[in-house]
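Residue-level structural notes
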Amino acid sequence: DVKVTQSSRYLVKRTGEKVFLECVQDMDHENMFWYRQDPGLGLRLIYFSYDVKMKEKGDIPEGYSVSREKKERFSLILESASTNQTSMYLCASRPYRTSKQETQYFGPGTRLLGL
Amino acid sequence: GEDVEQSLFLSVREGDSSVINCTYTDSSSTYLYWYKQEPGAGLQLLTYIFSNMDMKQDQRLTVLLNKKDKHLSLRIADTQTGDSAIYFCAESFDGNKLVFGAGTILRVKS
């Protein structure tokens, strides 16, 4: 089974702190994604990566950066956390294949609190 | 731009059928997905349908696609309390960029 793990289920941070959210997948997937989930808004794509050291902006990249130094790990960084970044953060991965119906596999999420 | 809309809440009695509806705007969507999110968990793919199909059935799940009206529905037969969750509709052209609806909270009353 594909497994996508996120380093924390809950994180409590203060406004202005630097926050790291880590995601690891064990299926050698090329593509990895970071979303945030907010009530009434569904999931919105922050950043994604097609390969090591490659990244592309999603729909809401402002206030975030990412790092992909190893294939299995994709990190989301909040340089200076703000109150409007209180949210649930979901990581996903997907193999790069020609069959387009291959789905994204999601981690359990990290809820960022206390901003 | 792309947009996916769902009703936010549905309440049904155990044993009844549930129908969750979704509309989308991107006519180039190739794949349409239904995901389930149980409390405290990530998203789990329930089923998907190609845009050239009208219907797909998988055990208690039936997906109907009206491409002309850009309308997608998920029917859950014999709804159980374990089906209580948030259900997300999503569309994609290539499986990478997914556009999600806001999610429908399904509450099953015993």
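Residues numbered from 1 in each chain as written. Chains lettered and ligands numbered in written order. Predicted model: local features only at pLDDT ≥ 70, side-chain atom pairs only at ≥ 80, totals over all residues. Heavy atoms only, no water.

Secondary structure summary: chain A contains zero helices and 11 strands in total. The C-alpha radius of gyration computed for chain A amounts to 13 Å, which stays within 12% of the reference 13 Å derived for 115 residues, consistent with globular compactness. For chain A, the proportion of its 115 residues judged to be buried stands at 49%. Within chain A, contacts between residues at least 6 apart in sequence are counted, and of these 55% link residues at least 24 apart. When the accessible surface of chain A is summed, it comes to about 5,800 Å², and 48% of that surface belongs to carbon and sulfur atoms. Across chain A, 18 positive and 15 negative side-chain charges occur, with their mean positions spaced 3 Å apart. (Helix = DSSP H or I, 4+ residues; strand = E, 2+ residues; numbered from the N terminus. Rg over C-alpha atoms; globule rule 2.2 N^0.38 Å. Buried < 20%, exposed > 50% of the residue type's maximum accessible area, 1.4 Å probe, protein only. Contact = heavy atoms within 4.5 Å. Areas by Shrake-Rupley, 256 points an atom, 1.4 Å probe, with all protein chains shown as cover. Lys, Arg positive; Asp, Glu negative; His and termini not counted. Charge placed at Lys NZ, Arg CZ, Asp CG, Glu CD.)

Attention shifts here to the pairing of strand E4 (residues 31-37) of chain B. Residues and elements named next belong to chain B. Most of E4 is tucked away: seven of the seven residues are buried. Residue alternation in E4 divides its side chains into two sets, Tyr31, Tyr33, Tyr35 and Gln37 and Leu32, Trp34 and Lys36, and both sets are buried. With seven bridges connecting them, E4 and strand E5 (residues 43-50) associate as antiparallel partners. Each residue of the ladder has a partner; that of Tyr35, found in E5, is Leu45. Here E4 folds back onto E5 in antiparallel fashion, the turn holding five residues, of which Gly40 has a positive phi close to 75°. When E4 meets strand E9 (residues 85-92), the two strands line up antiparallel, connected through seven bridges. Each bridged residue has a counterpart across the sheet, and for Lys36 the counterpart in E9 is Tyr87. (Pairing = 2+ DSSP bridges.)

Turning our eyes to something else, we now look at the confidence of the model for chain B. Averaged over all residues, the pLDDT of chain B equals 92, while 98% of them reach at least 70. Within chain B, the lowest mean pLDDT, 90, falls on strand E10 (residues 98-100) of chain B, and the highest, 97, falls on strand E2 (residues 9-13) of chain B. (pLDDT = per-residue confidence, 0-100.)

All right, on to the interface of chain B and chain A then. The partner chain A presents 20 residues to the 21 residues of chain B that form the contact. Summed over both sides, the interface between chain B and chain A buries roughly 1,700 Å², with carbon and sulfur atoms accounting for 50% of that surface. If you sort the residues of chain B by the area they bury against chain A, Leu43, Asn96 and Phe100 of chain B come out on top, with a joint share of 29%. The tally of links between chain B and chain A comes to one salt bridge. Between Asp59 of chain A and Lys97 of chain B there is a salt bridge; the shortest N-O distance is 3.1 Å. Where chain B packs against chain A, one counts three residue pairs in polar contact (both at pLDDT 80 or more). Those elements giving two or more residues to the side of chain B that touches chain A turn out to be E4, E5 and E10 of chain B. Split by residue class, the side of chain B that touches chain A holds 13 nonpolar, six polar and two charged. (Buried area = accessible area lost by both parts, 1.4 Å probe. Salt bridge = Lys/Arg side-chain N within 4 Å of Asp/Glu carboxyl O. Polar contact = N/O pair within 3.5 Å; in protein donor to acceptor, adjacent residues only side chain to side chain. Nonpolar A, V, L, I, M, F, W, Y, C, P; charged D, E, K, R; others polar.)

Moving on, we come to the sheet that holds strand E7 (residues 61-66) of chain B. Hydrogen bonds along the backbone pair up the strands of a sheet, which may run parallel or antiparallel. Residue and element names in this part refer to chain B. The strand order across the open sheet formed by five strands is E1-E3-E8-E7-E6, and the pairing between neighbours is antiparallel. If you trace the sheet from one side to the other, it starts and ends with strand E1 (4-6) and strand E6 (55-58), each paired once. The sheet shows a mean angle of 15° between the axes of neighbouring strands, direction not considered. Direction of pairing for E6 relative to E7: antiparallel, over a ladder of four bridges. Residue pairing across strands places Gln57 opposite Thr62, the latter belonging to E7. (Axes fitted to C-alpha atoms, helices over the stretch in contact; angles between N-to-C directions.)

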